[in-house]
Amino acid sequence: MSIAKFLTKRLLQGIFVLWGVVTILFGLRAVSPGDPATLMLGEGASRELIQQVREAEGLNDPVYIQYADYVQGLLVGDLGYSWRSERDVALMVIERIPATLELALAATVVAMVIAIPLGVISATRRDTPADYSATLFSLLGISTPNFWLGLMLILVLGVWAGLFPTGRRPVGLGPAVLTLAETGSISELTTWIHYIALPAVTLGTYFTALITRLTRSGMIDELGKPYVTATEAKGLPELLVRYKHVLRNTMIPIVTVLGLQLGTLMGGAVITETVFNWPGLGQRLIDALDARDWPLMQGIIVFIAVAFVAINIAVDAVYSYVDPEVALE
Amino acid sequence: MISERIKSNLSESFTESLLPKLGVAILICIVLFAIFAPILATHDPTRTGYYDDSGQPYPPTGTSYETQISQDGEITEVAIEPSDEHLLGTNTVGQDVYSRFLYGARVSLVVGILGVLMALAIGVPLGLVAGYYGGRVDDVLMRNADVMLAFPALVLALALIGVFGESPVFVPDPIVYVDSFLDIGVADGMPTAIPIPGTVTIVAALVTWVWFARIARGEALSLRSEEYVKAAKSFGTPDRSILWRHVLPNSVTPIIVLATIQVAVIILLEASLAYLGFSGTTLSWGYEIERGQDVLRTRPWVAVVPGIGIMLTVIGVNLIGDWLRDALDPNVDNSTRGA
Amino acid sequence: MVDPILDIEGLTTRFFTGEGQINAVSDVDLTINPGETVGVVGESGSGKSVTALSIMDLVEDPGKITAGTVRYRNPEFAASIAERHPDAVDGDYVDLLAVPKHVRRSLRGTSFSMIFQDPESSFNPSITVGEQIAEAVEVQRRATTRPRSVSARSTRPEYRFSDFLLSTVFPSRGYVSESSKQEAISLLEQVGIPDPEERVGQYPHEFSGGMLQRAMVAQALAGEPDVLIADEPTTALDVTIQAQVLELLNDLQAEFGMSILLITHDLGVVARMCERVGVMYAGKIVERGTVSDIFDTPAHPYTEGLIGSIPDIDTPGGNRLQPIAGNVPSLLDSEMGTRCAFADRCPKAMQRCLDEPSELDASGSQSHTAQCYLVSDGYAEEEALPAGYFESSGGDS
Amino acid sequence: MSTLEHNNADTTSGGDTLVSVENLKKYFETAPGFLDRLFGDETSPVRAVDGVSFDVIRGETLGLVGESGCGKSTTGETVLRLQEPTDGSVTFNGEPVFELGGAALTEFRQRAQIVFQDPFSSLDPRQTIGATVRQPLDVHGRGTLDERNERVRNLLERVGLSADQFDRYPHEFSGGQRQRIGIARALALDPDFVVLDEPTSALDVSVQAQVLNLLDELQTEFGLTYLLISHDLSVIRQVCDRVAVMYLGEIVEMGPIEEIFTAPRHPYTEALLDSVPRPTTEEAQRDITVISGDVPSPRQPPSGCRFRTRCPHIIPPDEMDIDQQSYRAIQTIRQRIDDRAFTIPEDASVETTVEQLYDRTVDSPLPAVHRERLETAFESIAEGKWDAAADAMSAYTSICERSNPELDGDTHSAACHLD
């Protein structure tokens, strides 16, 4: 079976997963209490108006027709209109993507850059102070609730030390880069960095800790395998064995785990955005939940699921590239 | 069911390193806090406001909390600093932070443990059966698991709570109940029932069971080709009995390790939901942090104390999880077999 | 008489585990002459593999070589390090246990190569076979293009994290040069792998076990070593494939003239391949001699028992085999005591075997020798212990 | 005794046949999922056992010998219905094993047992050895608990362990002792027939000898019939009465032990016997024929005789004048043409390519006629015309490729075109 075929197969599986997500969401909406029309119009709306809206929105149709309408809409990218603001949900999702993406990427970069070397050092110098500190750090990292960590960072670094701003960010990455391109001024970019530093650390800490642990234990497992002894017997430089052979093989399962943990990252983003008043998808999701704004909520969750599936297929693609055996068996 | 070798591994790694001891010590403290909260508490954790030196209630009875804010323009008068009366100060509505810390431990532990037990009850049987029989059953389960994984746990939890409401369950406090017969030192006025966030617990189980199903499936899948399982089949042992006598006991180790880690995950999930205001009980560490957020600059203890509570509990649980994993993982003792 | 290329004396390797000290290898003496094949035979847990790893300096934590000398004859090498490590050098010989780790590492792949038991797990599954062989070629290429004295002195790492990062971004910046990759193809051809051009680009799982073992032989030959250590090279293979690999090793030895240290549990393989044999039991060499010494006139009761245990393929069955009673003993220091380790299972054990075991006569003139009073003092002067002596005390587990 | 004809009504024909296996097939399909079917990815199945027939006589030890992957263990497990067969039948004591159900199946499960290879995975690490050996008795509700425990104690003593080790766990035992426990478990229900699946291959030789002696004693004592599966020819010769040699899912030779070992008829059996190194001083001088190549994939076994790709005695077409070595080399080249296995240099001329290919594949000089045919074929390869190359070589088609020889049905039967 070729790699292309394998990936097509994974794509179809992914579509199946998305269909499942959409169906569950639709089911939840169907059983959720409260009349949508009332939610849309507010408590005081007249009976006639409510009937009118029900008719217009197809709420009087049988459930399977509503479902078919909904899925059909999704297929052409129609996520419906927000009950609360009556805006196009697709737009409301898209306009919030950059902020969340910036945050997620920044956190991932923080995590990778710190965690992998830390894990390698920890695994290759077992039972040294470096190993103990890395272990302690990762223990604290996976045990600290990130909203609380965010608050503590604001308190200590923002309020007491005054190193970072604590309010809502004045500028996004896109506009900042545009300004840089147009005027050559980097001040907006530095502002952006200033504002994203604490949220990125907050969101990234859990992942840094997780990857450090995975790298350490994966590396220790891998170092115990017979091929390592065989490779050392060839007389290769020790660091070559450690990086080219062992680290590489360690990273393969780690990347898979990270793909599966993307959900945790998104959950973390929801919290982090709330703590830092960060204008991303997560914050919008909380607003939608508070307002019981189903179309908006569904739109955001479907978007997250799409991202999850896409990233996991990408992980498989990387997988089949570095380790053809595992992917194709 | 637990063999001598596992016991000796457990005790060996316990005595050899500091971290498991630390974990057990922390967790014992937290559990004691939780159980004896009514005895250790100095105030009713739910009673707002406080009494001034002359014994007069402050703010004056009948004045609502909001009114108090609008009159004075600030709320700092309600959240008072740590003192002899309030060991760790009070929160923004004048509730005793120390007492709420103790009661918060109850909610965290109960949600964590109940959630994991429910997830075990759903995930393990499904996973074992799917892995052992394979085929269609397995396909259906694994596709479902894929769908579940595509939802971020927190987001799914929020959506479910949005649908089903928060439905707190009031559980009578056994310590207070016992105290009503034998005086064991519970101060007057302690609540006789504590609210457990019902939906949160069920939702925690719903978003967690997949991981148990996956690991149980993997174990069953590898165990079914073990020769002792084949041997059991060869003399006609029914499948049910093979699952119960061979497959389950031999999958227990990784499931226990996962269960421990998931207790920590669920405690963090509950705290996050409570922080976002979806918990259904205000007697929760996460909720307290949210309350302390607004006065972070001036009254940091309101948010700091419950945060430390969460952190310590989760550290304790994770340390025990690490200890179990290191001691129970059969791969670990390979070092002595190479010779 | 030729000078041996490798002269091992008193080699002792212990593992320091939580359960106590494990005496994996105790006081092993062994010499290997140039171009000769020496066999080390023993059952599982006898310490034969640890002996091989000790020679290669590949014993891993918690194992440590605690005593002995491993003297390697190589005038050029001796001269190159004489200045910095005078204590280790004795004429043409260098005591490998007396030089620093990085010096010993520089001999791996060039002076000593090793073949392992399980070819499937001895190759990195995610790197092509060709690349892995080319690595071995590259080690040799770099060692010869740079004077050995420099490599022996240098402690600067030859490979750094930055090299790894560079090679992940630019594949052409890897450790292995293009010429080494070409060399890998001709090595594969040399060990009889059809379509080597095709095969170099394949991953280990695309090879059969026999092919992979040939590839490992090719990898071991890349450095044109003086000594090839083969640790159970055919145990994981079927007999017809085993015959192919053994023939290959014989042919290559005739061509390159290296010495082979062959470690195996199969007396048949020893008989086919070796000139001299050491029999190991419980971490010690209990008998040593030529193939005909060992098979025709075994001196140690253990060797005798071992030979008696093997069903003979060339004579009709039906007769009872003559097994050695009991099980392989524990190597835990606390359980070994001072007695002869074989005494519990020995049909000829005497009282004195329990007090202190006989020594292996290590004098060079005695080519056939065994660590047993039956040999060192002529025949038994004492009465053997009564049958069943150990059964009351010998609850093994 | 005939293995060619067999019908259920006539089970007493041999008078003492306990197990009769008829044309047994076991294919392993990699279960295609929905998407595999959508893509038409139904890979060809692994033909682990492909039409095997033999009888096991009451009281004898039948050996099943072969290299890894030849299907011997699968045969053993399928005979016991631990795996469902793809085709064929097994009769046990006159009963069709694959059609049994209910009480009859329960009865069969008590009378036929298995001992496995791996002493570490064949015992449940979480069960005491007493419980392990007692389990068959528990399942079939034999006697009271006390009676069962008593029987377990007796069995443990019988296999050379001590009855007071009842409550110990498997990890406290050595490999040889564990294997004894496995044997005790197999004997618990007092079976007639025991499949021994590589019972000693994980053990050291000194312990192997103990276990082989024990199995021998138990056979006499309990009147057992053994099917011994092993790759070790020395063990087979030591304990078996008759032996069947398997190669790539088929039996290639079968007969009384002494005849097979002293006068093998199939080239594979011969090569197998030849390959085993003997622990004697003369071994170094013994000439052996090393058979070349690897075992082909059981997914696509070769046409005709399955051993022909490695056979040192492959039969050339009638009237062709060619020595065996050259013919073998040419057959290998033909195989590689069929597999499209030659790599063609990109920018070389046809002549140099032909020259290169010739040098690489032919070691000894060939008569002109063969040389020309080869060069024609290599030219086609150099031009990328693989089918033409195969055609050019079709003159070499052997009878061994065209038809798969059948076992010739005597007491000592072989499946080979040679005689």
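Residues numbered from 1 in each chain as written. Chains lettered and ligands numbered in written order. Predicted model: local features only at pLDDT ≥ 70, side-chain atom pairs only at ≥ 80, totals over all residues. Heavy atoms only, no water.

1. Here we look at the overall build of chain D
Helix and strand counts for chain D stand at 15 helices and 11 strands. Pairs at least 24 residues apart make up 68% of the contacts formed inside chain D by residues separated by at least 6 positions. Working note: accessible area of chain D is about 17200 Å², and carbon and sulfur atoms make up 46% of it. Across chain D, the mean location of the 38 positive side-chain charges is 5 Å away from that of the 71 negative side-chain charges. (Helix = DSSP H or I, 4+ residues; strand = E, 2+ residues; numbered from the N terminus. Contact = heavy atoms within 4.5 Å. Areas by Shrake-Rupley, 256 points an atom, 1.4 Å probe, with all protein chains shown as cover. Lys, Arg positive; Asp, Glu negative; His and termini not counted. Charge placed at Lys NZ, Arg CZ, Asp CG, Glu CD.)

2. Comments concerning the interface of chain A and chain C
Each side of the interface is counted separately: chain A has 25 residues, and chain C has 33 residues. Around 2700 Å² of area is buried between chain A and chain C when both sides are counted, 62% of it from carbon and sulfur atoms. For the chain A face of the interface with chain C, the top three residues by lost area are Ala 233, Lys 234 and Lys 244 of chain A, together amounting to 23%. Here Lys 234 of chain A ties to Glu 135 of chain C by a salt bridge, and the two come within 3.0 Å at their closest N and O atoms. The interface formed by chain A and chain C holds 13 residue pairs in polar contact (both at pLDDT 80 or more) in total. Mapped by element, the contributors of at least two residues to the side of chain A that touches chain C are helix H10 (226-233), helix H11 (238-260) and helix H15 (324-328) of chain A. Here the element with the most residues in the side of chain A that touches chain C is H11 of chain A; it accounts for 10 residues. (Buried area = accessible area lost by both parts, 1.4 Å probe. Salt bridge = Lys/Arg side-chain N within 4 Å of Asp/Glu carboxyl O. Polar contact = N/O pair within 3.5 Å; in protein donor to acceptor, adjacent residues only side chain to side chain.)

3. Section: the interface of chain C and chain D
Residue-level contacts link 49 residues of chain C with 49 residues of chain D. When chain C packs against chain D, the two sides together hide about 4200 Å² of surface, and 51% of this comes from carbon and sulfur. On the chain C side of the contact with chain D, Thr 240, Arg 272 and Ile 313 of chain C bury the most area, a combined 17% of that side's loss. Put simply, chain C and chain D have four salt bridges between them. Our enumeration of links across chain C and chain D arrives at 22 residue pairs in polar contact (both at pLDDT 80 or more). Contributions of two or more residues to the side of chain C that touches chain D are made by helix H9 (196-199), helix H11 (239-256), helix H12 (267-273), helix H13 (291-296) and helix H14 (301-309) of chain C. The biggest single contributor to the side of chain C that touches chain D is H11 of chain C, with seven residues. Considering only residue class, the side of chain C that touches chain D consists of 20 nonpolar, 15 polar and 14 charged. (Nonpolar A, V, L, I, M, F, W, Y, C, P; charged D, E, K, R; others polar.)

4. Some thoughts on the domain arrangement of chain D
Here chain D is described as being made up of domain 1 (11-240) and domain 2 (324-397). The C-alpha-based centres of domain 1 of chain D and domain 2 of chain D are spaced at 49 Å. (Domains from an automatic or database assignment.)

5. Quick look at empty space enclosed by the protein
A full pass over the atoms with the stated rule returns 15 cavities of 30 Å³ or more. Roughly 110 Å³ of volume is contained in the largest cavity. Within the lining of the largest cavity, the residues separate by chemical class into 12 nonpolar, three polar and one charged. There is about 90 Å³ of room inside the second largest cavity. As for the second largest cavity, its lining consists of 13 residues, of which Ala 233 and Lys 234 of chain A together with Met 114, Gln 219 and Ala 220 of chain C are closest to the centre. For the lining of the second largest cavity, the elements supplying multiple residues, two or more each, are H10 of chain A together with strand E7 (112-115) and helix H10 (209-221) of chain C. Per-element tally for the lining of the second largest cavity: the top contributor is H10 of chain C, with three residues. Class assignment of the residues belonging to the lining of the second largest cavity gives a composition of eight nonpolar, four polar and one charged. (1 Å grid on protein atoms, 1.4 Å probe; cavity = no way out; pocket = protein on both sides within 12 Å on 5 of 7 lines; lining within 4 Å. Points joined across faces, edges and corners; volume = space filled by probe spheres on them.)

6. Structural notes on the pairing of strand E8 (residues 225-230) of chain D
A regular strand carries its side chains on alternate faces of the sheet. All names here are of chain D. Along E8, six of the six residues are buried, which leaves the element largely enclosed by surrounding structure. Relative to E8, strand E3 (residues 61-65) runs parallel, the two being bridged by five bridges. Looking across to E8, one finds that Leu 62 is bridged to Leu 227. Across five bridges, the pairing between strand E7 (residues 193-197) and E8 is parallel. Bridge assignment links Phe 193 to a residue of E8, and that residue is Thr 225. Chirality of the crossover, the property in question, places the unit of E7, helix H7 (residues 205-222) and E8 among those that are right-handed. (Buried < 20%, exposed > 50% of the residue type's maximum accessible area, 1.4 Å probe, protein only. Pairing = 2+ DSSP bridges. Right-handed = clockwise from strand over helix to strand, strands pointing away.)

7. Structural notes on a negative patch on the surface
On the surface, Glu 12 and Glu 16 of chain B together with Glu 19 and Glu 335 of chain C cluster together into a negatively charged patch. For Glu 12 of chain B, a relative accessible area of 35% corresponds to the partly exposed category. (Patch = residues over 30% accessible without salt bridge, like charges linked within 9 Å, V, L, I, M, F, W, Y side chains within 5 Å.)

8. With respect to the sheet that holds strand E12 (residues 369-370) of chain C
All names here are of chain C. A sheet is described by the order of its strands in space; here seven strands give the open sequence E7-E8-E9-E3-E10-E11-E12, paired in mixed fashion. Taken across any chain shown, the strands that pair with only one partner, and hence form the sheet edges, are E7 and E12. Taken strand by strand, helix H1 (residues 48-56) contacts strand E3 (37-41), E7, strand E8 (227-231), strand E9 (259-264) and strand E10 (276-281), and its axis lies near 150 degrees from that of E7. Strand contacts of H14: E10 and strand E11 (284-290), with the helix running at about 100 degrees to E10, the strand carrying the most contacts. (Axes fitted to C-alpha atoms, helices over the stretch in contact; angles between N-to-C directions.)

9. Observations concerning the pattern of salt bridges
Evaluated as defined, the whole model comprises 53 salt bridges over all chains. For Asp 131 of chain A, the salt bridge identified is with Arg 216 of chain A, shortest N-O distance 2.9 Å. With a gap of 85 residues between them, Asp 131 of chain A in helix H6 (residues 129-143) and Arg 216 of chain A in helix H9 (residues 187-223) connect regions that are remote in the sequence. Exposure remark for Asp 131 of chain A: the relative accessible area of 1% places this residue in the buried category. As a salt-bridge pair, Arg 320 of chain C and Glu 217 of chain D come within 2.9 Å of each other at their nearest N and O atoms. Taken together, the positions of Arg 320 of chain C in the loop between H14 and helix H15 (333-336) and Glu 217 of chain D in helix H7 put the pair across two chains. On the basis of relative accessible area, Glu 217 of chain D is assigned to the partly exposed category, the value being 29%. Overlapping salt bridges, with partners in common, bring together Lys 234 and Lys 244 of chain A together with Glu 131 and Glu 135 of chain C in one network.

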